[in-house]
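Spelled out, the chains give:
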Amino acid sequence: MKRRKLVALSAVFVTAVAALLISSQTVLVSAHNGAAPAQQGQKGDPEEPPPPFYNPYPFGILPPDLPQEIERVLREVDFIESEALAQLRALPPPTLTNQPPLLAHTGQRLNVLVGKALNFDRNISPFNDRACAFCHMPYVGFSGPIPSVNLTMVAYPGSYNFRAGKRTAQRYTYAPSFPVLNFNDTQQAFFGGNFWDSRATGYLLGSPDANQAQGPPVDTQEHALPDTACIAFRLQSAVYKSFFIELWGDDLDAIKFPHNTEDICETPGGASIFGTDTMPIKLSPVDRAIANHVYDHWGQSIDQYETSVDVSAFSSKFDAFLFNSTTNPLSADEMAGYNLFRGKANCNSCHLDGRSTAPSPAAPHSEDTGTAADKRPVFTCFGSANLGLPLNPRDAIFYQNKPDFFGFTPNPYGFGYRDLGLGTFLRSGFGSWASPNDTWTQFAPTSDGKMQTSSARNVAMTPPQCPTTEAPGPYFQKQFFHNGYIKSLKQLVHFYNTRDVYPFNVTSGHCPKGTTEKVDCWPMAEVKNNEDMTVGKLGLTDTEENQIVAFLQTLTDGFTQPYPDINTFTGMCMTCNPATDPNCSPSRQGNGFLIPTPPLPPCASAVCGVSPFPSPPIP
């Protein structure tokens, strides 16, 4: 079973990647800021090379700097893990007392720091090369940390290179604020959950965020562990084990793992050798119960880290403005953007700022002059919506229709796949989780295409040395919405503003001659069902769009106090020259990497043919 004892065909990949070209009109600018050097070397057994790379992608999907960028992020992950360990060792031990028992004095901080150590531990993967933080680094609001990935393949490569997921890396910040997923009968809508499709309901742990943390370790496209018990197995030898035991008890060491456990945990999930067995580690019922409890505690500690001010800090310029608008005023453009956000642009209908939303339908140009009712607004309604985003043909998931070395095919449907979001989850469909509530299934057709309304907080967060998301820079290339189709905040606002002003019945990469995609041509939606029609024709001017961008930038944490670990980025900023690059502007940012969507086959029956069927049928 030990699949790692293989000679990697890395030379083949390196040769292929070297042939890939990034546009010469995009220049990288050094962004190293003098942070302490990352730990050197890679964890794991150096005598066992990884298996051959999985590379079903056509030319141009994988960015040429991907191997180097992976190593860069791993060094940063190691550095922050070392920081977490130092913080744990320096923490005065808590006192176990009280009835019910609790860890007095430093117990809460212990839980936060254990969560931090768990989040930055890359031993929690078959090849010891993926931590949760690999896709969620602090300097970008705990979202995707590799500019070239954000520009090209959208989804991040998991522990087995180069299996990749299907969506952008959603921000951690403020995710713990989402309630347990529920259906509101009065509003006829779902609220809560975590992940883009809300599949982390939180029904068992009472926290969608803790439930979400349990997903990536056993996701075939991410950490790819084949059994949740691998977490307990790896924790038995973790350098921070004593702190985990201090917090959660010593039953972790009571688990008697079979002799082949390491071999199993070094084989990525989905491997044909496992068949349909989701618990290949054969434990006694008592040991399996303990391992399950350990896995729950894993999620709970990570949730407490994400809940803490280390992640969800409420330290933005907007927070200072809410505290005292006289001593912490917004600039003229920021204030104009705020008034548009809660007025003409109607952003506040979904990204709630704790005030009423003006306009109402009868007063499209009115302004909310009331007092803020919420001093900690999270800028989300906790709901979901289908915004009508076009299919993004750069998304890695569409090309993973061939079996890999382990006999696993991530997406056998290729471009026949459609991302129905919440609708797929409610059907317990392909690429999602099983729904824990069969009374929800009936609502799948009215939920198709809907994705979670993320918090707008930290949407603009970038490393200090790359001070913006917008070209010409120096800027940090991010990606927005669930499929990464949008590449700048300007494009994001322009999409909301003009989706229905410049609609074309074409797919991405096929806008008519004389138009510019994302400027005066928006391709058709990947999923037209249940499209949110409250956006798309807002009547904003170019200046007003820019003012909303300015306001969104005030939602970045770190204004009132330094944001933890924001200085750990050791990569490169981007810049470009508008005089030589026609796409060197926020409006056209990333357009040099547009590729034509191939002729789309019908939606696969495994996606669109699951009862209750989408209505109308999805082509």
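Attention here is on the structure that accompanies the text. As the structure is a prediction and not an experimental result, all values here were calculated from the model. (Residues numbered from 1 in each chain as written. Predicted model: local features only at pLDDT ≥ 70, side-chain atom pairs only at ≥ 80, totals over all residues. Heavy atoms only, no water.)

## Points about the overall build of the protein chain
In terms of regular secondary structure, the protein chain is built from 15 helices and eight strands. Its C-alpha atoms give the protein chain a radius of gyration of 24 Å, near enough to 25 Å, the size a compact globule of 619 residues would have. For the protein chain, the proportion of its 619 residues judged to be buried stands at 58%. Restricting the contact set of the protein chain to residue pairs at least 6 apart, pairs at least 24 apart contribute 73%. A gap of 4 Å separates the mean positions of the 43 positive and 56 negative side-chain charges of the protein chain. (Helix = DSSP H or I, 4+ residues; strand = E, 2+ residues; numbered from the N terminus. Rg over C-alpha atoms; globule rule 2.2 N^0.38 Å. Buried < 20%, exposed > 50% of the residue type's maximum accessible area, 1.4 Å probe, protein only. Contact = heavy atoms within 4.5 Å. Lys, Arg positive; Asp, Glu negative; His and termini not counted. Charge placed at Lys NZ, Arg CZ, Asp CG, Glu CD.)

## Looking at the state of the cysteines
Tallied over the full model, the rule gives five disulfides. Here Cys230 is linked by a disulfide to Cys265, with a sulfur-sulfur distance of 2.1 Å. Its torsion about the S-S bond being -95 degrees, the disulfide of Cys230 and Cys265 is classed as left-handed. Taken as a pair, Cys230 in helix 6 (residues 229-235) and Cys265 in helix 8 (residues 261-265) lie far apart in primary sequence, 35 residues in all. Neither Cys230 nor Cys265 differs from the other in exposure class; each is buried. What links to what in the protein chain: the bonded cysteines, counted in sequence order, pair as 1-2, 3-6, 4-5, 7-8, 9-10. Summary of cysteine pairing: Cys350 is not part of a disulfide, and the nearest cysteine sulfur, belonging to Cys381, is at 4.8 Å. (Disulfide = S-S within 2.5 Å.)

## What to know about the side chain of Arg167
Within the secondary structure, Arg167 is located in the loop between helix 4 (147-151) and strand 4 (182-184). A distance of 2.8 Å separates polar atoms of two side chains, one belonging to Arg167 and the other to Asp419. In contact with Arg167, not counting residues within four places along its chain, are Val154, Ala155, Trp196, Asp197, Arg199, Asp395, Asp419, Gly421, Met451 and His482. (Polar contact = N/O pair within 3.5 Å; in protein donor to acceptor, adjacent residues only side chain to side chain.)

## Here we look at the packing of helix 11 (residues 332-341) against helix 14 (residues 542-553)
For the pair helix 11 and helix 14, interaxial distance at closest approach is 7 Å and the crossing angle is 100 degrees. On the basis of the axis angle, helix 11 is roughly perpendicular to helix 14. Residues Asp333, Glu334, Ala336, Gly337, Tyr338, Leu340 and Phe341 of helix 11 pack against Glu544, Gln547, Ile548, Ala550, Phe551 and Leu552 of helix 14. Residue composition of the contact of helix 11 with helix 14, by class: eight nonpolar, two polar and three charged. (Axes fitted to C-alpha atoms, helices over the stretch in contact; angles between N-to-C directions. Parallel < 35°, antiparallel > 145°, perpendicular 65-115°, else oblique. Nonpolar A, V, L, I, M, F, W, Y, C, P; charged D, E, K, R; others polar.)

## Describing the nonpolar core
Core analysis: the largest hydrophobic core is formed by 96 residues, its most contacted members being Leu235, Tyr240 and Trp298. Going through the elements one at a time, helix 2 (66-90), helix 3 (107-119), helix 6, helix 7 (241-248), helix 8, helix 9 (285-307) and helix 15 (605-608) are the ones with two or more residues in this core. In terms of residues, this core owes the most to one element, helix 2, which gives nine residues. Excluding residues that lie within four positions of it along the chain, Leu235 makes contacts with Leu118, Tyr240, Lys241, Phe244, Leu252 and Val294. Ranked by size, the runner-up nonpolar core spans 35 residues in total, among them Phe480, Phe481, Val493 and Val535. (Core = buried A, V, L, I, M, F, W, Y, C linked by side-chain atoms within 4.5 Å.)

## Here's the deal with the packing of helix 3 against helix 7
Viewed as axis vectors pointing N to C, helix 3 and helix 7 meet at an angle of 135 degrees, and their least axial separation amounts to 10 Å. As the angle between them shows, helix 3 and helix 7 are arranged oblique. In this structure, the crossing between helix 3 and helix 7 has a hand that is left-handed. Contacts between helix 3 and helix 7 pair Gly107, Leu110, Asn111, Val114 and Leu118 from the former with Phe243, Phe244, Glu246, Leu247 and Trp248 from the latter. (Left-handed = near helix turned anticlockwise from the far one by under 90°.)

## Some thoughts on helix 11
Burial in helix 11 covers these residues: Glu334, Gly337, Tyr338, Leu340 and Phe341. Axial view of helix 11: buried residues confined to an arc of 160 degrees, hence all on one face. On its buried face, helix 11 sits against helix 10 (317-323) and helix 14. (Arc of directions from axis to C-beta.)

## Notes on the environment of Met533
Tracing the backbone through its elements, the reader meets Met533 in the loop between helix 13 (489-498) and helix 14. Accessibility expressed as a relative area gives 55% for Met533, which makes it exposed. Note: C-alpha distance between Met533 and Val114 (419 residues apart in sequence) is 44 Å. Other than its neighbours up to four places away in sequence, Met533 contacts Arg499 and Asp500.

## Describing unusual backbone geometry
Peptide bonds are trans in most cases, and residues, glycine excluded, mostly fall at negative phi. In this chain, Gln99 is followed by Pro100 through a cis amide linkage whose omega measures 10 degrees. Omega for the bond connecting Ala471 with Pro472 falls within 30 degrees of zero, at 10 degrees, which places this linkage in the cis form. By the secondary structure assignment, Pro472 is in the loop between strand 7 (451-452) and helix 13. Phi is positive for Phe195, which is not a glycine, with a value near 80 degrees. Relative to the assigned elements, Phe195 resides in the loop between strand 5 (189-191) and helix 5 (208-213). Since its relative accessible area comes to 11%, Phe195 is described here as buried.

## Here we look at the environment of Pro67
Tracing the backbone through its elements, the reader meets Pro67 in helix 2. Residue Pro67 is classed as partly exposed on the basis of its relative accessible area, which comes to 29%. Expressed as a C-alpha distance, the spacing of Pro67 and Leu225, which sit 158 residues apart in the sequence, is 22 Å.

## Some remarks on the packing of aromatic side chains
Applying the stated criterion across every chain, the model contains 38 aromatic pairs. Between the aromatic rings of Tyr160 and Phe406, the centroid separation amounts to 5.1 Å while the plane-to-plane angle is 85 degrees, which identifies the pairing as edge-to-face. Taken together, the positions of Tyr160 in the loop between helix 4 and strand 4 and Phe406 in the loop between strand 6 (384-385) and helix 12 (422-426) put the pair 246 residues apart, joining distant regions of the chain. Pair check on accessibility: Tyr160 and Phe406 agree, each one buried. (Phe/Tyr/Trp six-rings, centres within 6.5 Å; stacked < 30°, edge-to-face > 60°.)

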